[in-house]
Amino acid sequence: VLGPRSPAIIPAAWSASLCQDTCSDKRNNSCVDSDHVYEALLHTSINLDSLEPDSRLQDHWIKEVVKKSGMKFKWATLTVEKDRENKDVERRPPPDPAVLVSRPPVVTIMGHVDHGKTTLLDSLRKTQVAAMEAGGITQHIGAFLVQLPSGEKITFLDTPGHAAFSAMRARGALVTDIVILVVAADDGVMKQTVESIEHAKKAKVPIIVAVNKCDKKDADPDRVKQELLAHDVVCEELGGEVQAIHVSALKGENLMQLAEATVTLAEVMELKGDPTGFAEGTVIESRTDKGKGPVSTAIIQRGTLKKGCVLVAGTSWAKVRFMFDENNRVANEAGPGAAVEIVGWKELPAAGEEILEVESEQRAREVVEWRTFVEEQEKMQADWQVIESKQQEHDDAYRKEREGLAHLSWRKRRMALHSANKHRMGSRPSEKASPTGPTLSVIVKGDVDGSVEAIMNILESYDADEQCQLDVVHCAVGDISENDIALAETFSGVIYGFNVKANKAIQQKASKLGVQLKMHKIIYKLIDDLKEELSSRLPPTVKQHIIGEATVLATFEVTMGKKKVPVAGCRVKKGELDKKMNFRLVRNEEVLWEGLLTSLKHMKNDVQTVKNGMECGLSLDKNVNFMPGDEILCLEDVKVEQKTSWDPGF
């Protein structure tokens, strides 16, 4: 086996079959067949005619082959890699029922955008969250612990209703006990309503329907219940088991009835948790805070989380420095069903990751190292599958090419292959084809992991590569940094920031380097801006606009030099004729000619334009027989800006 950039590893015996077997190990750099070895030994003292495919070569001849092939020689010892011990951490076995205690239910509020989910939660919390949200729509998962006047506690998750945040809604459904499906009484069941129902069914979570905006004049709660029937959500009034509460989140009507229905359902479900032992939970959202560093919002599902606990989530770990509740107050501990912000992560954990507490920082590092190793192995395996597929294609083509030459001696076979492949040598394709069309490189920065995830999910739906290539150079959580500016300059890209900031120094550097910073607080406006940027990269299309029409009244010929040129006597009936424009000759709706005029005259004078109602004579750049009644059209080329065909779905 010969490697072009590394020492070669040569088997003691060689043959065509041995070479093919060796080639089956795709981790080797490259392989040579017996013909190559024959050619390398051609001008040596060895008798080639005495060699057979199964002949053994002495060490000095192996070294000679390697040297003449332009390689370095080195004996290698095959080593078998030892299996690494699994250092991962798993969830604890089910708890003893004797240690279980009641816990607050985790309730996710879901539904279509602008149906009043956050306003409903505001009324329960007596806060003004909706008023502070950009564009009046929720763009993150919000986790809040609400204590009702009766004393019961409920942990609410408020999920976004916009189409862009499907992954966030799915994540909310998977960690919840009950789903409150908010449907506007004046709007009915919409696309994200149906999607929320599907998420709840997939997670096998019971649903309570909150028919909102019942205070409006055009509200029709009965229509909402009928529409829900089509999606197997049967309300109690129609003989089903799903509770439907008519509410007005804005006016606070029937909210206590909705809360009581939630508490009643939670009591029936007998929700309990184990407050003992190591903490377990799920990352709901994560972000980078300027003062706190990496921060995650989490739901605790088992155990009690305290300051100083060591946690692992995916390939990130943390020693809990602080915990905060929904009002940004320091929390000393968090038990099952509680939602808290955790500060102390070494790296930002991905939203949706499982949180597990471990004994020590050393154990956390072991777990993270093992998980990183597993990820690398999985990626390597995927890469090898691609390499093996390409290698198999190459081997199949190589064997097929040699099948017809197997009866020839190695010299004749070499000459035949050289003649057959001679035409390829001068036209080898470049290793990396440069893009032929327009390309837009983008860098995406978001305030939280879920926002970046939502934007990337939208960009994955991009399907207009034939118009303009979309290349996502980098995406991450956090404010715009100097590294982002440097990347954008290198790739001539655009930076899109969602709910993040760029300080004055960053803005000045971007302006100096000509890097565009596009900052947005509403996701659909960011996508609209991206669509406009993609459209601006497209070359304009040219459309022909008719600016004048004339009718042929008579035809005659004039002598120009030794040629007779047909001339049409016309009257302009619409617009004007401009000599520098393109013209078209039409007869009975059939186009006979299209091109330029060689002359345009009015009253025997050469003119540039002829206006409506005037008569003129004209000749074409091609001999065409005119007939009275023919139409002459004057055409102007108009550039029309293209629009990207990509439709993100909202």
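Reading the values: the criteria
Residues numbered from 1 in each chain as written. Predicted model: local features only at pLDDT ≥ 70, side-chain atom pairs only at ≥ 80, totals over all residues. Heavy atoms only, no water. Axes fitted to C-alpha atoms, helices over the stretch in contact; angles between N-to-C directions. Helix = DSSP H or I, 4+ residues; strand = E, 2+ residues; numbered from the N terminus. Parallel < 35°, antiparallel > 145°, perpendicular 65-115°, else oblique. Left-handed = near helix turned anticlockwise from the far one by under 90°. Contact = heavy atoms within 4.5 Å. Nonpolar A, V, L, I, M, F, W, Y, C, P; charged D, E, K, R; others polar. Expected span 1.5 Å × (residues − 1). Buried < 20%, exposed > 50% of the residue type's maximum accessible area, 1.4 Å probe, protein only. Pairing = 2+ DSSP bridges.

Draft legend 1. Main features of the packing of helix α12 (residues 449–459) against helix α15 (residues 523–536). It is the contact of α12 with α15, at a shortest axis distance of 12 Å, that shows an interaxial angle of 40 degrees. By the angle between their directions, the pair α12 and α15 is classed as oblique. With respect to the hand of their crossing, α12 and α15 are arranged in right-handed fashion. Residues A454, I455, I458 and L459 of α12 touch α15, and the partners they reach there are I523, L526, I527 and L530. Tallied by class, the residues present in the contact of α12 with α15 amount to 8 nonpolar, no polar and no charged.

Draft legend 2. Inspection of helix α10 (residues 361–403) at higher detail. Between the first and last C-alpha of α10 there are 62 Å, a value that for 43 residues agrees with the 63 Å anticipated at 1.5 Å per step. For α10, every residue scored as buried is listed here: R363, A364, V367, V368, W370, R371, F373, W384, D395 and R402.

Draft legend 3. Structural detail: unusual backbone geometry. Positive phi outside glycine occurs at E589, with the angle close to 65 degrees. Looking at where E589 falls in the secondary structure, it is placed in the loop between β23 (582–587) and β24 (590–595). Of note in this structure, K604 is not a glycine but carries a positive phi near 65 degrees. Mapping K604 onto the fold places it in the loop between β25 (597–602) and β26 (605–606).

Draft legend 4. Fine view of the sheet that holds strand β10 (residues 293–302). The strand order around the closed barrel built from 6 strands is β9-β10-β15-β13-β12-β16, with neighbouring strands paired in antiparallel fashion. Taken over all neighbouring pairs, the strand axes of this sheet differ in orientation by 50 degrees on average, direction set aside. Pairing geometry for strand β12 (residues 310–313) and strand β16 (residues 354–358), over 4 bridges, is antiparallel. Looking across to β16, one finds that V310 is bridged to V358.

Draft legend 5. Molecular detail of the pairing of strand β19 (residues 494–498). Counting buried positions over the 5 residues of β19 gives 5, a clear majority of the element. Side chains V494, Y496 and F498 project from β19 onto one buried face, and the interleaved I495 and G497 project onto a second face that is buried too. The pairing of strand β17 (residues 439–446) with β19 spans 5 bridges and is parallel. Paired with I443 across the two strands is I495, which belongs to β19. Note: β19 against strand β20 (residues 516–520), 5 bridges, orientation parallel.

Draft legend 6. Layout of α12. Counting buried positions along α12 gives 9 out of 11 residues, so the element sits mostly inside the fold. Taken together, the buried positions of α12 are D449, G450, S451, V452, A454, I455, M456, I458 and L459.

Draft legend 7. Looking closely at the sheet that holds β17. As summarised here, the arrangement of the 4 strands in space is β18-β17-β19-β20, forming an open sheet in which the pairing is parallel. Two strands lie at the open edges of the sheet, namely β18 (469–477) and β20, each paired on one side alone. Neighbour-to-neighbour, the strand axes of the sheet open up by a mean angle of 20 degrees, direction not taken into account. Where β17 lies against β18, 8 bridges are found, and the strand directions are parallel.

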